[in-house]
Amino acid sequence: MEYDKLIIIANELDRYKKEYGLIDYNDMILDFVKSDKSPKFEVVFVDEAQDLSRMQWDMVDSFNTQDSFIAGDDDQAIFRWAGADVDSFITQKGKILNLTQSMRIPRKIHDYAMKIIERVSNRLHKEWKPKAHEGEISKYWNFEDINMNKGNWLVLTRTRYQLKALEDVLKEKGLYFEDRFNKSYEKGIQEAALNWEHLRRGQLLHYKDIINISQYMSSANWEKNKLKSLSKESFYGIDQLTQGHGLNTKNTWYECFDNAGSKRITYIRKMRANGEELNKEPRIKLSTIHSVKGGEEDNVIILPDLTMNTQKSYERNRDDENRLFYVGATRAKEHLHVVRPKDENKAFPMGEI
């Protein structure tokens, strides 16, 4: 955004708040700092301190306290773009207590991650030990080459839009996943398909399960106006539904769920053929590195591709991207999978490690 446009928006926001007598979260912090009315505390704890903004550091400094404990890791400071001021964390005074033993990271992944973070020019030096477990690192030419048929996976990209192409690959392979930024609808239709199969075999279903099934059928297969005659507290069999409540089919779910769309039905059939447990949480999760901070998984896949803007940002300030991909690599508990970038000129240089 251009600076002049930003100033216009900021001024309009101030005008709007004054006109309607409103304050936002930032106003609360600024008013607290200016008031000089902090209660007296014996001790203050500040967690994830590497992510505090300059304004939040002013708030911490204004606390009336006898003692304070500040917990954080400058190597995991990945929110500078959102206002985080890692330099203020690095320059904090006091006794430093390092946590020296990781309970998550195996040795190979530890060594790999340390080569990334040691590229950072401005950081607090620290040493920590990995688990005794060796762990694994694998490299691939393409995302499609990775066998994800078993186990739990975390797939990480630099930016959100890169996840769409990965979704298409996973759907083609019939693998069950969720995208942190897109709601998954497969669990609902899978439940409806299972209930439909039970209904065809003679089992009675509750009203709410029947309504759930009906949404996946067109009016040709189910006359929806006749559903109004159902009692919300009752159970029904398939013969009852066909005789008096508008159901016009007894075919298999993938033949009669004509409102679900053919691509979606094909995808679900592939997943079921692969043995995916669609009544449980997806075992493959897609996310950006920023959004997964604090998460972990046995298998972690990292794609080092950058957009044009992030490449320019990397060239201006390499520390931020080094910290980001260090965080990504340290999410892996067993096996780190690194995919070769599509364009070496627009990528974080993980291949140099």
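Just above, that's the structure.
Residues numbered from 1 in each chain as written. Predicted model: local features only at pLDDT ≥ 70, side-chain atom pairs only at ≥ 80, totals over all residues. Heavy atoms only, no water.

**Student:** Help me out: how do you make sense of the overall build of the chain in this one?
**Tutor:** In terms of regular secondary structure, the chain is built from 14 helices and 10 strands. Whereas a compact globule of 353 residues would reach a radius of gyration of roughly 20 Å, the chain reaches 27 Å, over 25% beyond that. Reported as C-alpha extents along the three principal axes, the dimensions of the chain are approximately 80 × 55 × 45 Å. Considering the chain as a whole, with its 353 residues, one finds that 43% of them fall into the buried category. In the structure as shown, the chain presents an accessible area of about 20,700 Å², 49% of it carried by carbon and sulfur atoms. Of note, the chain has its 56 positive side-chain charges centred 4 Å away from the centre of its 57 negative side-chain charges. (Helix = DSSP H or I, 4+ residues; strand = E, 2+ residues; numbered from the N terminus. Rg over C-alpha atoms; globule rule 2.2 N^0.38 Å. Buried < 20%, exposed > 50% of the residue type's maximum accessible area, 1.4 Å probe, protein only. Areas by Shrake-Rupley, 256 points an atom, 1.4 Å probe, with all protein chains shown as cover. Lys, Arg positive; Asp, Glu negative; His and termini not counted. Charge placed at Lys NZ, Arg CZ, Asp CG, Glu CD.)

**Student:** I keep staring at the environment of glycine 246 and nothing clicks. Help me out?
**Tutor:** The residue glycine 246 is located in the loop between helix H9 (238–244) and helix H10 (253–256) in this model. Given the relative accessible area of 5%, glycine 246 is considered buried. Sequence-wise, glycine 246 and lysine 18 are 228 residues apart; in three dimensions their C-alpha atoms are separated by 58 Å. Contact partners of glycine 246, with chain neighbours within four places excluded, come to Asn221, Trp222, Glu223, Lys226 and Leu241. (Contact = heavy atoms within 4.5 Å.)

**Student:** Explain the pairing of strand S2 (residues 64–70) to me, please; I cannot follow it from the model alone.
**Tutor:** For a regular strand, side-chain orientation follows a simple rule: the groups alternate between the two sheet faces. Pairing analysis gives six bridges linking strand S1 (residues 40–46) to S2, with the strands arranged parallel. Considered in S2, the bridge of valine 44 is made with serine 68. Handedness of the crossover is the feature at issue here: the chain leaves S1, passes through helix H3 (residues 54–62), returns alongside S2, and the resulting connection is right-handed. (Pairing = 2+ DSSP bridges. Right-handed = clockwise from strand over helix to strand, strands pointing away.)

**Student:** Would you take a moment to explain the nonpolar core for this structure?
**Tutor:** The nonpolar side chains of a soluble globular protein tend to be buried with one another. One finds Phe143, Met148, Val155, Trp196, Phe257, Ile284 and Ile301 to be the most contacted residues of the largest nonpolar core, which totals 45 residues. Counting residues per element, the ones that place at least two in this core are strand S4 (153–157), helix H6 (163–173), helix H7 (186–200), helix H8 (207–214), H9, H10, helix H11 (262–273) and strand S8 (284–288). Among the elements that line this core, the one with the most residues is H7, at five residues. When residues no more than four places from it in sequence are discounted, the contact partners of phenylalanine 257 are Ile189, Ala192, Ala193, Trp196, Ile213, Tyr216, Met217 and Ile265. In this structure, Leu154, Tyr326, Ala329 and Val338 belong to the second largest nonpolar core, which totals 28 residues. (Core = buried A, V, L, I, M, F, W, Y, C linked by side-chain atoms within 4.5 Å.)

**Student:** Hey, could you run me through the packing of helix H13 (residues 308–316) against helix H14 (residues 318–329) in this one?
**Tutor:** One can describe the packing of H13 onto H14 by two numbers: an axis separation of 5 Å at closest approach and a directional angle of 110°. On the basis of the axis angle, H13 is roughly perpendicular to H14. Note on element contacts: H14 touches H13 through Arg318, Glu321 and Asn322, opposite Tyr314, Glu315 and Arg316. For the contact of H13 with H14, a count of residues per class yields one nonpolar, one polar and four charged. (Axes fitted to C-alpha atoms, helices over the stretch in contact; angles between N-to-C directions. Parallel < 35°, antiparallel > 145°, perpendicular 65-115°, else oblique. Nonpolar A, V, L, I, M, F, W, Y, C, P; charged D, E, K, R; others polar.)

**Student:** Would you mind going over the packing of aromatic side chains with me for this structure?
**Tutor:** Pairs of aromatic rings are described using the distance from one ring centre to the other and the angle between the two planes. Enumeration over the complete set of coordinates arrives at 11 aromatic pairs. Ring geometry for tyrosine 314 against phenylalanine 348: centres 5.8 Å apart, planes inclined by 65°, an arrangement best described as edge-to-face. Placement of tyrosine 314 in helix H13 and of phenylalanine 348 in the segment after strand S10 (332–339) is noted, with a sequence separation of 34 residues between them. As far as the burial class goes, tyrosine 314 and phenylalanine 348 line up, both buried. Counting every residue linked through ring pairs, the aromatic cluster contains Tyr216, Trp253, Tyr254 and Phe257. (Phe/Tyr/Trp six-rings, centres within 6.5 Å; stacked < 30°, edge-to-face > 60°.)

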